[in-house]
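Breakdown of the fold
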Amino acid sequence: MNIEHPENNPQYIGLNVNKGIVQPPVINPYLAERKKRRDYTPAEYTEEIRKGNITILSQAVTLLESQKTEHQTIAQEVIEKCLPFSGNSVRIGITGVPGAGKSTSIDAFGMHLIHERNRKLAVLAIDPSSERSKGSILGDKTRMEELSRDVRAFIRPSPSAGSLGGVARKTRETIILCEAAGFDTVFVETVGVGQSETAVHSMVDFFLLIQLAGTGDELQGIKRGIMEMADGIIVNKADGNNVEKAQLAAAQYRNALHLFPLPLSGWTPNVMTYSGYYQLGISEIWDMVDEYIAFTRKNGYFEQRRNYQAKYWMYESINEQLKNHFYQSPVIEKELFAKETQVLHSEISSFAAAKQMLDIYFKE
Ligand code: GDP
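No experiment lies behind these values; they were computed from the predicted model shown.

1. Considerations on the confidence of the model for the protein chain
- For the protein chain, the mean per-residue pLDDT works out to 86, and 86% of the residues sit at or above 70.
- No element of the protein chain has a lower mean pLDDT than helix H10 (residues 218–221), at 50, and none a higher one than helix H13 (residues 282–299), at 97.

In C-alpha cells:
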C-alpha cells in the first residue's frame, strides 16, 4: 500500500498521483546571506577595501553618506583605518557649466587614463543641486557610458543629503576610501554654477576648468574667482567648424590669465583646446596635468596644498558639527521659530535674537 498517495494503489487502475517536490522557501535564502554581509566590522571593511573589493567600497561609502548615527560611527572608524593607506592618488577637480561637456570629457579622459596610462580611476561628484531637486545632475553612471562599463573605474554620484559643506565633507572622505582601495586617480566633478567650486578646490591637487567657445563675449560670462582657481583651462568642442572659434576663445583666456597674479604654485595655468567627443587633444591635456604634478612636487607646493587642505577640513568639520549640534538641540528647535517670528515682526533685532538663542544654548 502506498501510504503517501493511497490513490496509487493498484486497485485504482488508471489513476496515478505524482510525488510532490519540497516547496521552496517563501523567502529567498540568498537575501538573508546578502543582509549578513552588511554586518562587517570596521576592520573587515578596511581589509576588503584594501583588497580593492568594489562592492564593499560602495557599501562603506553608503554608510558614510547615511544619516544614522550607528552607520556614521562605523564609517568614521573605517575612514580612520584607511587613512594610513590614502593620499597616494592624484586628485583632480573638474568643473564647467552644464552642457560644457563634462560627462563626455570625463568618459574620454577616463578611458585614456585607464588604457593609455594604466591608471585606476574613481569619479566622484559634488552636486549642489541634488539636495533641492532630489535628483543629481552629476555622477550619474549613464552619463559616462564607456567608463561605467570598465572595471578599472569606480563612479559614484554626489551625496545628496545635507548642506554643501556636509556633501563636500562626505566626498572628501570618499576620496580616502577610494585611495585605500588602490585608485591612483580621483576626479571630483562639479557644476560650474556657484560655491561648489570652492569646496572642490579645497580637496584636489589640480583644478581643471572646461570652457566653451561662445559668441565672442565669453570672458564676460566667466566668474573671475573660478578662473583664478583653475590650474588648467581647456576649451572643449574644438572640432568641425568650431575649431577656429575654440582657438580664439583659448587666446582670450590666455590674455585674461595674464592679468591675474601668478598663483602660489608658481605654475602659470595652461589653456588648451580639445574635443571630448572626437577625442582630440586628450593626451596633451594629461601630459600637462602630469607636468603640473611633477612641477609642484618638486617645488614643495603639492605637499603644502595638501597640508593646507587637511587643516581646512579640520576646521570645516568642527564648524559643521557645532552648527548641527546647535540646530538639533531640542531647546533650540523649540524656541527658534518663535524667535524668528519676533524678528520678522520687528519686535527684536536679528542680533539680539541670535544672542538670546546662543545664551539659551550655552546654558543648556
Ligand atoms: P555636461 O552637462 O557638462 O556633462 O555636458 P555633456 O557631456 O552632457 O555634453 C553636452 C552636449 O555637448 C552633448 O550633446 C554632447 O554630445 C556635446 N559634446 C560634448 N563634448 C563635445 C565635443 O567635444 N564636441 C562636440 N561637437 N560636442 C560635444
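Further notes follow.
2. Section: the packing of helix H14 (residues 301–328) against helix H15 (residues 330–344)
- Here H14 crosses H15 at 70°, and the two axes come no closer than 5 Å. Between H14 and H15, the crossing angle belongs to the class labelled roughly perpendicular. Here H14 contributes Phe326, Tyr327 and Gln328 to the contact with H15, which in turn contributes Pro330, Ile332, Glu333 and Leu336.
- Its residues placed into classes, the contact of H14 with H15 shows five nonpolar, one polar and one charged.

3. Some words on the side chain of Thr171
- Residue placement: Thr171 occurs in helix H8 (residues 164–180).
- The residues touching Thr171, leaving out its near neighbours within four places in the chain, are Leu124, Ala125, Ile126, Pro159, Val188 and Met203.

4. With respect to the state of the cysteines
- With the rule as written, the count across this model stands at zero disulfides.
- The structure places no disulfide on Cys82, whose sulfur is separated from the nearest cysteine sulfur, that of Cys178, by 10.0 Å.
- The exposure class of Cys178 is buried, given its relative accessible area of 0%.

5. Notes on the nonpolar core
- By size, the foremost hydrophobic cluster in this structure holds 34 residues, and its most contacted members are Ile49, Leu57, Ile126, Leu177, Val188 and Met203.
- The set of elements that each furnish at least two residues to this core consists of helix H2 (42–50), helix H3 (54–65), helix H4 (69–82), strand S2 (121–126), H8, strand S4 (185–191) and helix H9 (196–201).
- Broken down by element, this core gets its largest block of residues, seven residues, from H8.
- Counting contributing residues per domain, this core is built from domain 1 (38–85) and domain 2 (86–299), each supplying no fewer than three.
- Met111, Leu113, Leu208 and Ile210 belong to the second largest nonpolar core, which has 33 residues in total.

6. Notes on the environment of Glu173
- As for its position among the elements, Glu173 is in helix H8.
- Note on Glu173: relative accessible area 10%, which makes it buried.
- Among residues more than four places away in sequence, those in contact with Glu173 are Leu64, Gln76 and Ile79.

7. Some points on the site of the ligand
- Among the 15 residues in the neighbourhood of the ligand, the closest are listed as Gly99, Lys102, Ser103, Thr104 and Asp239.
- Contact distances for the ligand include 3.0 Å between an oxygen atom and a side-chain N or O atom of Asn236.
- Contact distances for the ligand include 3.1 Å between an oxygen atom and a side-chain N or O atom of Ser275.
- Taken by itself the ligand offers 580 Å² of open surface, and the protein chains cover 69% of this.
- Sorting elements by how many residues they give to the shell around the ligand places helix H5 (residues 102–116) first, with three residues.
- Considered class by class, the residues forming the shell around the ligand number four nonpolar, seven polar and four charged.

8. Considering the packing of H3 against H4
- Their axes nearest at 7 Å, the elements H3 and H4 cross at an angle of 125°. One finds that H3 runs oblique with respect to H4. The handedness of the crossing between H3 and H4 is left-handed. Residues Leu63, Leu64 and Glu65 of H3 pack against His71, Gln72, Ile74, Ala75 and Ile79 of H4.
- Classifying every residue of the contact of H3 with H4 by side-chain character gives five nonpolar, two polar and one charged.

9. Some points on the packing of aromatic side chains
- The full count for this structure, using the stated rule, is 13 aromatic pairs.
- Ring geometry for Phe109 versus Trp286: centroids 5.4 Å apart, planes at 70°, classification edge-to-face. Within this pair, whereas Phe109 is found in helix H5, its partner Trp286 is found in helix H13, the two being separated by 177 residues in sequence.
- Owing to a relative accessible area of 0%, Trp286 belongs among the buried residues under this scheme.

10. Overview of the pattern of salt bridges
- Scanning the entire structure with this criterion turns up 11 salt bridges.
- When the shortest N-O distance is used, the salt bridge between Arg91 and Glu179 registers 2.7 Å. One end of the pair, Arg91, is in strand S1 (residues 90–96); the other, Glu179, is in helix H8, with 88 residues separating them in the sequence. Across the pair, exposure class does not vary: Arg91 and Glu179 are buried alike.
- Put simply, Arg117, Arg119, Asp287 and Asp290 are held in one network by salt bridges that share partners.

11. Some remarks on the side chain of Ser89
- Among the secondary structure elements, Ser89 is positioned in the loop between H4 and S1.
- Ignoring sequence-local partners within four residues, the contact set of Ser89 consists of Glu179, Phe183, Asp184, Thr185, Val186, Asp205 and Arg306.

12. Thoughts on the sheet that holds strand S6 (residues 232–236)
- The seven strands lie next to each other as S3-S2-S4-S1-S5-S6-S7, forming an open sheet whose pairing is parallel. If you trace the sheet from one side to the other, it starts and ends with strand S3 (153–155) and strand S7 (270–273), each paired once. Within this sheet the neighbouring strands show an average axis-to-axis angle of 20°, counted without direction.
- In this structure, S2 lies alongside S4, joined through six bridges in parallel fashion. Looking at S4, one finds that Leu121 is bridged to Thr185.
- The sheet strands contacting H13 are S1, S4, strand S5 (206–212), S6 and S7, and the helix crosses S5 at an angle near 150°.

Procedures and definitions
- Residues numbered from 1 in each chain as written.
- Predicted model: local features only at pLDDT ≥ 70, side-chain atom pairs only at ≥ 80, totals over all residues.
- Heavy atoms only, no water.
- pLDDT = per-residue confidence, 0-100.
- Helix = DSSP H or I, 4+ residues; strand = E, 2+ residues; numbered from the N terminus.
- Axes fitted to C-alpha atoms, helices over the stretch in contact; angles between N-to-C directions.
- Parallel < 35°, antiparallel > 145°, perpendicular 65-115°, else oblique.
- Contact = heavy atoms within 4.5 Å.
- Nonpolar A, V, L, I, M, F, W, Y, C, P; charged D, E, K, R; others polar.
- Disulfide = S-S within 2.5 Å.
- Buried < 20%, exposed > 50% of the residue type's maximum accessible area, 1.4 Å probe, protein only.
- Core = buried A, V, L, I, M, F, W, Y, C linked by side-chain atoms within 4.5 Å.
- Domains from an automatic or database assignment.
- Near = heavy atom within 4 Å.
- Polar contact = N/O pair within 3.5 Å; in protein donor to acceptor, adjacent residues only side chain to side chain.
- Areas by Shrake-Rupley, 256 points an atom, 1.4 Å probe, with all protein chains shown as cover.
- Left-handed = near helix turned anticlockwise from the far one by under 90°.
- Phe/Tyr/Trp six-rings, centres within 6.5 Å; stacked < 30°, edge-to-face > 60°.
- Salt bridge = Lys/Arg side-chain N within 4 Å of Asp/Glu carboxyl O.
- Pairing = 2+ DSSP bridges.

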